[in-house]
Amino acid sequence: MTAHEEARSGRKAPKSSPYRHPAAGWGAAKSVAEFLVRERSLVSGTRAIQRMNHENGGFDCPGCAWPDDRKGLHLDICENGIKHVTWEMTRKRVGRDFFAAHTVTELMEWSDFDLENQGRLTEPMVYDQASDRYLPITWDDAFAMVGRALRSLDDPDQASFYTSGRLSNEGTFLYQLLARELGTNNLPDCSNMCHEASGRALQASIGTGKGTVDVNDWQAADALFVFGVNAASNAPRMLTALAEAYRRGTQIVHINPMVEAAARDTIVPHEFVEMARFHATPTSTLNLQPRIGGDMALLRGMAKALLEASRTDPDAVDREFLGRYTHGYAACRQVCEDTSWETIEHQSGVAKRDILKAADIYRAADRTIISWCLGLTQHEHGVDTVREIVNLLLLRGNIGREGAGPSPVRGHSNVQGNRTCGIDHRPAPAFLDRLQEVCGFAPPRAHGLDTVRTIEAMNSGRVKVFVGMGGNFALAAPDTAYTYSGLRNCDLTVQVSTKLNRSHLVHGRQALILPCLGRTEKDHQRGGLQSVSVEDAMSMVHLSKGMKRPASTELKSEPAIIAGMARAALPDSATPWEAYVDDYDRIRDTMAQVLEGFDDFNRRVRRPLGFRIHQPARERVFLTPSGRAEFSHAGLPDVLNADGTLTLATIRSHDQWNTTVYSDNDRYRGIKNLRTLVFMNDEDMRERGIGTFDPVDIVSTAKDGSKRRLDGFLAVPYDIPPGCAAGYMPEMNVLCAIGDYSTQSDQPLMKHVKVTVTPATPAP
Ligand SMILES: Nc1nc2c(c(=O)[nH]1)N[C@H]1C(S)=C(S)[C@@H](COP(=O)(O)OP(=O)(O)OC[C@H]3O[C@@H](n4cnc5c(=O)[nH]c(N)nc54)[C@H](O)[C@@H]3O)O[C@H]1N2
Ligand SMILES: Nc1nc2c(c(=O)[nH]1)N[C@H]1C(S)=C(S)[C@@H](COP(=O)(O)OP(=O)(O)OC[C@H]3O[C@@H](n4cnc5c(=O)[nH]c(N)nc54)[C@H](O)[C@@H]3O)O[C@H]1N2
Ligand SMILES: [Mo]
């Protein structure tokens, strides 16, 4: 029995106690040491870590998208980054013997932890129905199988090509080329579940779908607002920025229904003296706890307060900026006036006096950055909420100058680069025009399927071939049972992966596992050792070069796998697939011609810190129809629940990377040995007669009235507003109905699941 199974079987008792230590620091160091030992990678792991995020070569951390330190900090790394890297570099291997020994039906009974814990995949495998096992297959045969399936489709829209956000820019460009040459824009990606709302909101408000600030701005701001991010776990290098800001006297306001570790204090990871002295730096000056979904009302309250103050304080709003650069101010002012304080308090769950505190901090600051993550986006009104952030920034001219602007915290390390380089099911016509001109084929113009639409289309039989370029679609997507049935209804599923996961077991009639190189590994091609590029959350594009011997000699790089599939699927293609793979500089030369802002790509990407993609809004050039930054003036949604219902947010624990779970602990929330839990407000538990660690039944009700349930979860009291609850993805994806996506962003409502929680009914 593995340690994990032991915990699951209840032998290790779950524990919950408040975590009172600073974020990062010794707790992190201890956790790293234990992890390196467990992965048997103490020496090589330590060496690799020193090469990570190094400005002169080295590989990009495959973890989050927070930018590298630009002062050349050689140890700009974090506990979780180390875990992600070590996880990839594990010495464990899952080869043909393993697959011969276990049927897929048997493996379905294994935990997700145990699947990934088998180590790195080593050779291509094909599913064999007769024996219910995966058997070895040669690369050529595997590519031929993909080619046959794609060529035999009646319509290219019967294929869908998913991307998880680790794929390099070069891989991305080839992947979209494959899909579009085939004739489809079916390019769903993890961004459809992540920051789609941010992209659409920023596009509408400021004419480009990205944030405008960089790390230097973070160092120059005198107020930072952090909405809906668990930074200590999910963007740990942000802790350094917060601690440095605090020491400079910057005001830091965290807005989150849960007071997360980053909203208290931290020991900056690379400051060893501080670590030795156990010296923590505060990382917050004010914490506000809105109800789940209450942020838009809170933001509206801040804008309202500012406008009220402007009656007596001529500097409260930046009239010159408003007059020169914005459009729609009057309508925004009107909607703020029309929204009563009573409504704002009721919908946000925050008292007026506390909203005024935040507004005063905002008004007193010359330079403000507002950042956010999934706490704001995975809601019905995610787009309106992000636009409300921009409204607030515009009121004081906080865009296009030093230390100010919107700063979405992106997820996967290259999720932003994927979009930049063409993964978009709704591609802009101008991009397609350039693609056509440069690459010499007519790309499809109709919009393709996103993640939710792909799952629906697999279920209805309209999508027959599914390719997963990384990720773990079966578990990451909403409505687990429905996603499973969709994948199983496909003629062919292809998963390009580094580790064994659920998506290999929930497969189509034919199925392939294609193992690829990871970020940390040397990528040798005919033209020599290759590098790839990635784009961080602040639009910096830089090279990443692996330094480890690959986990197996049979592995291929992602570009090589994409090219292999393309050549088999598109025998008449004029694209020089082989030449591209021989030397990635050639891919970059083509990208430089197709992608805006990538001129002279090969030279600029080789600068020590890479280059920043030109961002017009940063210079107050707003590519909107009016040519100005657009205020929004949406009505406030009603986010309150019917009696007895709770709003559940599905979140990550400290010890996981999306569907990859490293342990059953969530250190900063004081949880040990338990993932099947639901955090609830004390009062809500008492009302329902539920005690700490009592088993509960959780039932979600979808917009269409359908119900989904989870049994056997344990309730844990937590400091969260009444009416709110939280628990971990992906275990809770069972509760997210496929039809419950935002009409604004098409994002599944993963932070807004309506549930009832009741004491578990004893089994009959
Ligand atoms: N170690 C680690 N790092 C990661 C990841 C990982 O799994 N592990 N995943 C990566 C990816 S792909 C992404 S997209 C990011 C995700 O990074 P986060 O957005 O931090 O991820 P979540 O854990 O989903 O948590 C969201 C936060 O939103 C809060 N929240 C929930 N509902 C609301 C709300 O209505 N309003 C507000 N204001 N807050 C709310 C929760 O309390 C939680 O603190 O992290 C990336 N980095
Ligand atoms: N309920 C709920 N669901 C959610 C979310 C939520 O907050 N709540 N968050 C959503 C978000 S923001 C995201 S981004 C998605 C994440 O969804 P995905 O990106 O699909 O999932 P991951 O868990 O990151 O994928 C892990 C797998 O990626 C593979 N892998 C790792 N490294 C590499 C590599 O270098 N190359 C290749 N080809 N494969 C690799 C490994 O085989 C590993 O098993 O989940 C979404 N799902
Ligand atoms: Mo994400």
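Residues numbered from 1 in each chain as written. Chains lettered and ligands numbered in written order. Predicted model: local features only at pLDDT ≥ 70, side-chain atom pairs only at ≥ 80, totals over all residues. Heavy atoms only, no water.

Draft legend 1. Molecular detail of the overall build of the chain. Helix and strand content of the chain: 32 helices and 33 strands. Relative to its length of 764 residues, the chain is compact, with a C-alpha radius of gyration of 25 Å against a globular reference of 27 Å. Projected onto the principal axes, the alpha-carbon positions of the chain cover approximately 75 × 65 × 55 Å. The burial tally for the chain puts 65% of its 764 residues in the buried class. For the chain, contacts bridging at least 24 residues in sequence account for 78% of all contacts bridging at least 6. Here the chain contributes 88 positively and 95 negatively charged side chains, and the mean placements of these two sets differ by 3 Å. (Helix = DSSP H or I, 4+ residues; strand = E, 2+ residues; numbered from the N terminus. Rg over C-alpha atoms; globule rule 2.2 N^0.38 Å. Buried < 20%, exposed > 50% of the residue type's maximum accessible area, 1.4 Å probe, protein only. Contact = heavy atoms within 4.5 Å. Lys, Arg positive; Asp, Glu negative; His and termini not counted. Charge placed at Lys NZ, Arg CZ, Asp CG, Glu CD.)

Draft legend 2. Local environment of helix α24 (residues 451–460). Every buried residue of α24 is listed here: T451, V452, T454, I455, A457 and M458. Residues of α24 that are buried in the fold lie against β7 (159–163), β16 (465–469), α25 (473–476) and α26 (480–488). The distance from a side-chain oxygen at the start of α24 to the backbone nitrogen of V452 is 3.4 Å, and the residue carrying that oxygen is D450. Once α24 ends, the next one or two residues include G461, with phi positive near 90 degrees. (Polar contact = N/O pair within 3.5 Å; in protein donor to acceptor, adjacent residues only side chain to side chain.)

Draft legend 3. Quick look at the nonpolar core. Counting 62 residues, the largest nonpolar core has L150, F161, L177, L435, L512, L514 and M565 as the members making the most contacts within it. The element contributing the most residues to this core is helix α28 (residues 558–569), with eight residues. Each residue touching L512, except ones within four places of it in the same chain, is listed here: M125, V126, I137, A142, M145, V146, T493, V494 and Q495. A201, L286, Y329 and L376 belong to the second-largest nonpolar core, a separate cluster that totals 50 residues. (Core = buried A, V, L, I, M, F, W, Y, C linked by side-chain atoms within 4.5 Å.)

Draft legend 4. How the structure looks around the site of ligand 2. Surrounding ligand 2, one finds 30 residues, the nearest of these being Y162, A476, E558, T659 and N733. In the environment of ligand 2, an oxygen atom lies 2.8 Å from a nitrogen or oxygen atom belonging to the side chain of S164. For ligand 2, whose unbound accessible area comes to 930 Å², protein coverage reaches 97%. In terms of residue class, the shell around ligand 2 is built from 11 nonpolar, 13 polar and six charged. Shared between two domains, the shell around ligand 2 takes at least three residues from each, and those domains are domain 1 (93–190 + 414–596) and domain 3 (646–759). (Near = heavy atom within 4 Å. Areas by Shrake-Rupley, 256 points an atom, 1.4 Å probe, with all protein chains shown as cover. Nonpolar A, V, L, I, M, F, W, Y, C, P; charged D, E, K, R; others polar. Domains from an automatic or database assignment.)

Draft legend 5. Region of interest: the site of ligand 1. Around ligand 1 there are 31 residues in total, and E260, G293, D295, Q656 and N658 lie nearest to it. For ligand 1, an oxygen atom lies 2.5 Å from a polar atom in the side chain of E260. Backbone polar atom of L374 to an oxygen atom of ligand 1: 3.0 Å apart, as the coordinates give it. Computed on the free molecule, ligand 1 has an accessible area of 910 Å², of which 99% lies beneath the protein chains in the complex. Tallied by class, the residues present in the shell around ligand 1 amount to 13 nonpolar, 14 polar and four charged. Two domains each put at least three residues into the shell around ligand 1: domain 2 (196–408) and domain 3 (646–759).

Draft legend 6. Layout of the packing of aromatic side chains. With the rule as written, the count across this model stands at 19 aromatic pairs. Considering the side-chain rings of Y162 and F473, the 4.9 Å spacing of their centres and the 70 degrees angle between planes classify their relative orientation as edge-to-face. Of this pair, Y162 sits in strand β7 while F473 sits in helix α25, and the two are 311 residues apart along the sequence. Of the residues examined, F473 reaches a relative accessible area of 0% and is grouped as buried. Arranged with centres 6.1 Å apart and planes meeting at 80 degrees, the rings of F225 and Y362 form a pair that is edge-to-face. Here Y362 lies in helix α19 (residues 352–364) and F225 lies in strand β8 (residues 223–227), a separation of 137 residues in the sequence. Note that K499 overlies the ring of W87, its terminal NZ or CZ placed 3.7 Å from the centroid. (Phe/Tyr/Trp six-rings, centres within 6.5 Å; stacked < 30°, edge-to-face > 60°. Lys NZ or Arg CZ within 6 Å of the ring centre and 35° of its normal.)

Draft legend 7. Spatial organisation of the pattern of salt bridges. Under the counting rule described, the total for this entry stands at 38 salt bridges. We note a salt bridge from R200 to D746, for which the minimum N-O separation is 3.3 Å. Residue R200 is located in helix α10 (residues 196–206), and its partner D746 is located in the loop between β32 (724–728) and β33 (753–759); the two are separated by 546 residues in the primary sequence. Across this residue pair, the class does not change: R200 and D746 are buried. Residue R300 is joined to E388 by a salt bridge in which the shortest nitrogen-to-oxygen separation is 2.6 Å. Residue R300 is located in helix α15 (residues 295–309), and its partner E388 is located in helix α21 (residues 382–395); the two are separated by 88 residues in the primary sequence. (Salt bridge = Lys/Arg side-chain N within 4 Å of Asp/Glu carboxyl O.)

Draft legend 8. Seen up close, the packing of α10 against α21. Axis separation between α10 and α21 bottoms out at 8 Å; the angle between their running directions is 45 degrees. Relative to α21, α10 is oriented oblique. For the pair α10 and α21, the sense of crossing is right-handed. Side by side, α10 and α21 meet where A197, S198, R200, A201, L202, A204, S205 and I206 of the first sit next to G382, V383, V386, R387 and V390 of the second. The residue makeup of the contact of α10 with α21, split by class, is eight nonpolar, three polar and two charged. (Axes fitted to C-alpha atoms, helices over the stretch in contact; angles between N-to-C directions. Parallel < 35°, antiparallel > 145°, perpendicular 65-115°, else oblique. Left-handed = near helix turned anticlockwise from the far one by under 90°.)

Draft legend 9. Main features of the domain arrangement of the chain. Its domain assignment divides the chain into domain 1 (93–190 + 414–596), domain 2 (196–408) and domain 3 (646–759). Once you take the C-alpha centre of each, domain 1 and domain 3 turn out to be 31 Å apart. Each partner contributes residues to the interface: domain 1 has 16 residues there, and domain 3 has 16 residues. Between domain 1 and domain 3, roughly 1400 Å² of surface is buried when both sides are summed, and carbon and sulfur atoms account for 55% of that area. On the domain 1 side of the interface with domain 3, the three residues burying the most area are V452, P478 and D479, jointly 33% of the side's total. Taken together, domain 1 and domain 3 are joined by two salt bridges. (Buried area = accessible area lost by both parts, 1.4 Å probe.)

Draft legend 10. Structural view of the sheet that holds strand β21 (residues 532–535). Read across the open sheet, the three strands follow the order β21-β22-β23; overall the sheet is antiparallel. Of all strands in the sheet, those with a lone pairing partner are β21 and β23 (611–612), marking the two edges. Pairing of strand β22 (residues 540–544) with β23 involves two bridges; the strand directions are antiparallel. Looking at the pairing, V541 lines up with F611 of β23. In the packing of helix α9 (residues 169–182) onto the sheet, contacts are made with β21 and β22, and the angle to β21 comes to roughly 90 degrees. (Pairing = 2+ DSSP bridges.)

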